[in-house]
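Report on the structure
This is what each chain is made of:
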Amino acid sequence: MATTQAFREYITQNQQAFYRLAYSYTKNSDAALDVVQDAIVKGIEKLHTLRNPAYMKTWFYRILVNEGLNYLRGKKVVSLDEYAESPLSAAEDRDVAQDVDLYNAVQRLEPKLRTVVILRFFEDMKLEDIASITGDPLSTVKSRLYKALKLLKVDLQEGVMRCRYLHHVQGS
């Protein structure tokens, strides 16, 4: 059984990662903090159910992902204000544009696919851990990741083609 002190230390050490994950669902700083706070409260309430402290990471991420999905079920908010706050050089502007395109493409994925992509590539988790967090078989996680990557590739390629077309039309 996990101790409250171990849980407190785990939360403190990983709070930025939790916030990033929550923000990927909410796209809003305050809402992300609320999601993390709700997950921590649930974690404290359910700490007695964690039999093996070695599984604290996957156990808590499952709670956090569920809270993020609960948020999505209740609200739809999209904000890219952070990208508009500071002036950028032309090179930085292209990099940000690519980041925004990727960000938007990931956000357009259905929640189950988005969760797998975020946990795998943004949180650098192993597929086995993702399966444990989502409660899905490893084969399902792999197929969702493959499907998501395929959709992202198509989405981003279409975006490049739209940009080239607009550039061509505007340049004529």
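Not measured: the values here are computed from a predicted model. (Residues numbered from 1 in each chain as written. Predicted model: local features only at pLDDT ≥ 70, side-chain atom pairs only at ≥ 80, totals over all residues. Heavy atoms only, no water.)

Examining the confidence of the model for the protein chain
Put simply, the rule reads: pLDDT is a per-residue confidence score from the predictor, ranging from 0 to 100. Runs of E in the DSSP output that reach at least two residues are strands. Runs of H or I that reach at least four are helices, and both are numbered from the N terminus. Any two residues whose heavy atoms approach within 4.5 Å at even a single point are treated as in contact.
Per-residue pLDDT for the protein chain averages 79, and the proportion of residues at 70 or more is 76%. When the elements of the protein chain are averaged for pLDDT, helix α4 (residues 90–108) gives the smallest value, 61, and helix α2 (residues 29–46) the largest, 93. A low-confidence stretch, residues 76–97 stays under pLDDT 50, and its non-local contacts, those more than four residues away or across chains, total 17 contacts.

Here's the deal with unusual backbone geometry
Put simply, the rule reads: Think of it in three bands: with a 1.4 Å probe and only protein chains considered, a residue is buried below 20% of the maximum accessible area for its type, exposed above 50%, and partly exposed in between.
We note that Lys27 has phi near 60°; this positive angle belongs to a residue other than glycine. You can see Lys27 is positioned in the loop between α1 (4–26) and α2. Accessibility expressed as a relative area gives 6% for Lys27, which makes it buried.

Here's the deal with the side chain of Arg144
With respect to the helices and strands, Arg144 occurs in helix α7 (residues 138–171). Apart from the residues lying within four places of it in its own chain, the contact partners of Arg144 are Lys112, Leu113, Val116 and Asp136.

Digging into the environment of Arg114
We count it as follows: Each polar contact in these results corresponds to two N or O atoms within 3.5 Å; when the atoms are within protein, one needs to be able to donate a hydrogen and the other to accept it, and residues that are neighboring in sequence are counted only if both atoms are side-chain atoms.
Here Arg114 is to be found in helix α5 (residues 111–122). A relative accessible area of 4% places Arg114 in the buried class. The spacing of Arg114 and Ser24 is 90 residues in sequence and 9.1 Å in space, taken between C-alpha atoms. When residues no more than four places from it in sequence are discounted, the contact partners of Arg114 are Ser24, Tyr25, Lys27, Leu72, Val106, Gln107 and Leu109. Only 3.1 Å separates the side chain of Arg114 from the backbone oxygen of Leu109, close enough to count as a polar contact.

Notes on the environment of Leu33
Structurally, the position occupied by Leu33 is in helix α2. Each C-alpha atom, one on Leu33 and one on Ala22, is 7.5 Å from the other, the two residues being eleven residues apart in sequence.

Quick word on the packing of helix α3 (residues 56–74) against α5
Stated formally: Only C-alpha atoms enter the line fits that serve as axes; for helices the fit covers just the stretch in contact. Angles between N-to-C directions range over 0 to 180 degrees. The scheme is simple: roughly parallel for angles under 35 degrees, roughly antiparallel for over 145, roughly perpendicular for 65 to 115, oblique for anything else. The handedness criterion is simple: a crossing whose near helix is rotated anticlockwise from the far helix by less than a right angle is left-handed, and one whose near helix is rotated clockwise is right-handed. Residue polarity is assigned by list, with Asp, Glu, Lys and Arg as charged and Ala, Val, Leu, Ile, Met, Phe, Trp, Tyr, Cys and Pro as nonpolar; anything else, Gly included, falls into the polar class.
Direction vectors running N to C along α3 and α5 enclose 140°, while the axes themselves pass 12 Å from each other. With respect to their mutual orientation, α3 and α5 come out oblique. Crossing angle aside, the handedness with which α3 passes α5 is right-handed. Across the interface between the two elements, Tyr61, Val65, Leu69 and Leu72 of α3 pack against Pro111, Arg114, Thr115 and Leu119 of α5. Each residue belonging to the contact of α3 with α5 can be placed in one class, and the counts come to six nonpolar, one polar and one charged.

Examining the packing of aromatic side chains
Within a pair of aromatic rings, the relevant descriptors are the distance that separates the centres and the angle that separates the planes. For clarity, the threshold we go by: Put simply, two rings from Phe, Tyr or Trp (the six-membered ring, in Trp's case) pair if the centres are within 6.5 Å, and we call them stacked under 30 degrees between planes, edge-to-face over 60, tilted for the rest. Criterion for a charge above a ring: Arg CZ or Lys NZ at most 6 Å from the ring centre, at most 35 degrees from the ring normal.
Summed over all chains, the structure comprises seven aromatic pairs. Arranged with centres 5.9 Å apart and planes meeting at 35°, the rings of Tyr19 and Tyr23 form a pair that is tilted. Note that Tyr19 and Tyr23 are positioned in helix α1 at a spacing of four residues, about one turn of the helix. Residue classification places Tyr19 among the partly exposed residues on the basis of a relative accessible area of 25%. By the ring-pair criterion, three or more aromatic residues cluster together here, those being Phe7, Tyr10, Phe18, Trp59, Phe60 and Tyr61. The residue whose ring lies beneath Arg120 is Phe121, and the NZ or CZ to ring-centre distance is 5.6 Å.

Quick word on the pattern of salt bridges
What counts here: A carboxyl oxygen of Asp or Glu within 4 Å of a side-chain nitrogen of Lys or Arg is what we treat as a salt bridge.
Under the counting rule described, the total for this entry stands at five salt bridges. The partner of Arg108 in a salt bridge is Asp155, with the nearest N and O atoms 2.9 Å apart. One end of the pair, Arg108, is in helix α4; the other, Asp155, is in helix α7, with 47 residues separating them in the sequence. Given the relative accessible area of 52%, Arg108 is considered exposed. Under the relative-accessibility criterion, Asp155 is labelled buried at 16%. Salt-bridge contacts for Arg144 lead to Asp136; the nearest nitrogen and oxygen are separated by 2.5 Å. Accessibility expressed as a relative area gives 16% for Arg144, which makes it buried. Residue classification places Asp136 among the partly exposed residues on the basis of a relative accessible area of 22%.

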